[in-house]
Structures are given as C-alpha cells and as structure tokens.
Amino acid sequence: MIDWDAKEYGRLNRPHLNWGQSVLSQIDFRGNELVLDAGCGVGNLTINIASQIPNGHIIAVDKSKSMITEASSKTSHLRTQISLLRADLLYIPIQECVDTIFSNATFHWIHDHFQLFSEMYRILRPGGTISAQFGGGPNIKSLINRFCQLSKEPEFEYLAEQSFPWNFRSIEETKSCLIRAGFIEIQISLVEAPVVFPDVSSYSHFVEKIILFPVLGNVPDDETQRAFLTRLGTESLNGEKPLTVDYWRINILARKPK
Ligand SMILES: C[S@@+](CC[C@H](N)C(=O)[O-])C[C@H]1O[C@@H](n2cnc3c(N)ncnc32)[C@H](O)[C@@H]1O
C-alpha cells in the first residue's frame, strides 16, 4: 500500500489546501451537522470544517496510518468535535447518517469510482450532499509525458515502464458514475490549475514529496534522483512552461434523493 511521509506532507506548503478551502467556502453549513472528511490527510481542512460547525461533528477518515497519527496530534484540542477513523473509503464502517461529505485531493487515489460513489451514497442520509475536488481530465499529463520520455534514457532506466498509481477520470466518466450510484442534482466542472515554482529546488522537493513519491523508489541514489527531477522541471517536450506542474481539478457537488 502507498503510504505517506505524513510529517513532511504536513510541513509542505500545498496549493491543494487553498483549493480545498475554496470548496469548503461554497458549502452552506448550518453549524450542527455530521460531516465526513473523506481522505482527511493530516487534518488541516478537518480543523477548518470544525470552525464552521460549532455544534456539529466530523468523522475524518483516512487509510494511512501515518496520516491518522499526524492528524490525531494536530486535532487533539478538538477531541469532542472530531472523530478520526482509519479506514478505506471503499468500505466505511458506519451506517447511513452523514449530512455532508467533503473530500479534497483524494478521489484520484482510488481506482473504483463507482464503488467509491456507491459507498458515499450509502453512508449519506437521504437529502445529504457530497462536495469534492480531486485530480481529473488531463491532470499532470505533461509531467507524466516528460517522466516517460526521460526514463527512456540509460541514466534513468530504473524508472522505465512504471505504472502510475492515479485514476484521473474525465467529467463525463465521473458524472456517469455519480448517476449510476444514485446521486441527483449533479454539478460538475473541470478547471485548469497550473502551479509555477520559483526555482529548481522548490519544484524538485514538491514533486518528489507530494506527487512522485510512489514511483521514485527504484532510483539507486540521491544524485540520480536530483538529476532526474531537475531535468523533469526544466526540459520541455512540447513547449510546456518550465518548473510548472500542470494540475487540473474536477469539482463535484451532488445530492442523495430525499
Ligand atoms: C493528497 S492527500 C489529501 C489530504 C487532505 N484531504 C488535504 O487536502 O490535505 C490524499 C489522502 O487520501 C488518502 N487516501 C488515499 N486512498 C484512500 C482510501 N482508499 N481510503 C482512505 N483514504 C485514502 C491518503 O492516505 C491521503 O491522506
């Protein structure tokens, strides 16, 4: 299973947090609901939700042991408001009771979106909503193309023929999965969100720790890895901008019928 260096993850300045906050700002919280944070990571956005529902409760779910451990220490002052649960989002051990599901930067790590949305549907109370953002469409396509091109060179042969762990679906595929799972009033959009880094070192650190950590394990030494990440960030295949990560995000908002 892919696991994260949760301490390093929590330290890094991630654009995903701003994107997640803007998804949260569009949810009309009453202040007393039961919210599920699906793939809570180290809990930054869980804390933000807690501040918006002073009389409510959050179940923050994540599969990663290190993320849940880190989230537990970050949210220790909010014990009455937040329950942490280590579980796979495909099989959540709770009944139909949740008012709102929120999720940020998580669903593209899950391979079966029909099973995922069916499970989200099952745990929502009738009339409950899901609001989520995740990678989709051509997310990081330029980065992956450059990765594949570079890994053909003898120096980087350890990285050849990688299979990448993400599931980036189109908005049509996502909408069809949501409909099949039973959701109604579906709003869905795909937005381009490129992130430009000021220098090679910040680009390389971010790309290593946040994006490519599951696929760099075969690189034999730090020097080869540094050379690989530098060329990944500075060389262009089809005129892409250097030191840029070509993020694309899918936003969804949908409801379970009453
Ligand atoms: C990029 S992090 C996002 C964390 C947080 N939502 C944020 O925006 O900072 C993705 C999280 O999804 C979790 N995750 C991936 N697949 C999962 C699954 N099948 N079930 C539960 N959590 C999962 C990972 O462990 C990780 O913490």
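Asks: Can you walk me through the site of the ligand in this structure?
Replies: Around the ligand, a shell composed of 20 residues is seen, among which R14, G39, D62, L89 and N104 lie nearest. In this structure, Y9 approaches the ligand through a side-chain N or O atom, which is 3.3 Å from an oxygen atom. Between the ligand and D62 there is a distance of 2.6 Å, counted from an oxygen atom to a side-chain nitrogen or oxygen. In the complex, the protein chains occlude 95% of the 600 Å² of accessible area that the ligand would expose alone.

Asks: Explain helix α8 (residues 200-211) here, please?
Replies: Residues separated by three or four positions in an α-helix point in the same direction, a consequence of the helix having 3.6 residues per turn. Its twelve residues place the ends of α8 15 Å apart at the C-alpha level, agreeing with the 16 Å of an ideal helix rising 1.5 Å per residue. Of the residues making up α8, those classed as buried are Y203, S204, F206, V207, I210 and I211. Those residues of α8 hidden inside the fold are in contact with α1 (6-11), α2 (15-25), α6 (141-150), α9 (222-234) and β8 (244-245).

Asks: Would you mind showing me how to read the pairing of strand β9 (residues 248-255) here?
Replies: Sheet faces and side chains relate simply in a regular strand, where the side chains alternate between the two faces. Taken together, the seven bridges between strand β5 (residues 124-135) and β9 define a ladder with antiparallel strand orientation. Opposite G135, over in β9, you have R249 as the bridge partner. Here seven bridges tie strand β6 (residues 184-192) to β9, and the two strands are oriented antiparallel to one another. The residue of β9 that forms the bridge with I188 is I252.

Asks: Explain the environment of I252 to me, please; I cannot follow it from the model alone.
Replies: Mapped onto the elements of the fold, I252 is located in strand β9. Residue I252 is classed as buried on the basis of its relative accessible area of 4%. For I252 and I188, which are 64 residues apart along the polypeptide, the C-alpha to C-alpha distance reads 4.6 Å. Filtering out sequence-adjacent residues up to four positions away, I252 remains in contact with F107, F117, I130, S131, A132, F134, T174, L178, Q187 and I188.

Asks: Could you clarify how one ought to interpret the sheet that holds β5 in this entry?
Replies: To summarise the sheet geometry, strands pair through backbone hydrogen bonds and adopt either a parallel or an antiparallel arrangement. Strand order in the open sheet formed by seven strands is β3-β2-β1-β4-β5-β9-β6, and the pairing between neighbours is mixed. If you trace the sheet from one side to the other, it starts and ends with β3 (82-86) and β6, each paired once. In this sheet, neighbouring strand axes are inclined to one another by 15° on average, regardless of whether the strands run parallel or antiparallel. Along the sheet face, α2 touches β4 (98-104), β5 and β9 and points at about 155° away from the line of β4. Together, β5, β6 and β9 form the strand contacts of helix α7 (residues 171-181), whose direction differs from that of β6 by roughly 160°.

Asks: Help me understand the nonpolar core, please; the structure alone is not making it clear to me.
Replies: Across soluble globular proteins, nonpolar side chains show a tendency to be buried alongside one another. Ranked by internal contacts, the top residues of the largest apolar core, which has 34 residues, are I211, L212, L232 and Y247. Of all elements in the fold, only α1, α6, α8 and α9 reach the threshold of two or more residues within this core. For this core, the element with the highest residue contribution is α8, accounting for five residues.

Asks: What should I look at first to understand the packing of aromatic side chains in this one?
Replies: What describes a pair of aromatic rings is the distance from one ring centre to the other and the angle between the planes of the rings. Tallied over the full model, the rule gives 16 aromatic pairs. Ring centres 5.9 Å apart and planes at 70° place the aromatic pair F107 and F117 in the edge-to-face group. With F107 in the loop between β4 and α5 (113-123) and F117 in helix α5, this pair connects stretches of sequence that are ten residues apart. Arranged with centres 5.3 Å apart and planes meeting at 45°, the rings of F107 and F134 form a pair that is tilted.

So, how was this worked out
Residues numbered from 1 in each chain as written. Predicted model: local features only at pLDDT ≥ 70, side-chain atom pairs only at ≥ 80, totals over all residues. Heavy atoms only, no water. Near = heavy atom within 4 Å. Polar contact = N/O pair within 3.5 Å; in protein donor to acceptor, adjacent residues only side chain to side chain. Areas by Shrake-Rupley, 256 points an atom, 1.4 Å probe, with all protein chains shown as cover. Helix = DSSP H or I, 4+ residues; strand = E, 2+ residues; numbered from the N terminus. Expected span 1.5 Å × (residues − 1). Buried < 20%, exposed > 50% of the residue type's maximum accessible area, 1.4 Å probe, protein only. Contact = heavy atoms within 4.5 Å. Pairing = 2+ DSSP bridges. Axes fitted to C-alpha atoms, helices over the stretch in contact; angles between N-to-C directions. Core = buried A, V, L, I, M, F, W, Y, C linked by side-chain atoms within 4.5 Å. Phe/Tyr/Trp six-rings, centres within 6.5 Å; stacked < 30°, edge-to-face > 60°.

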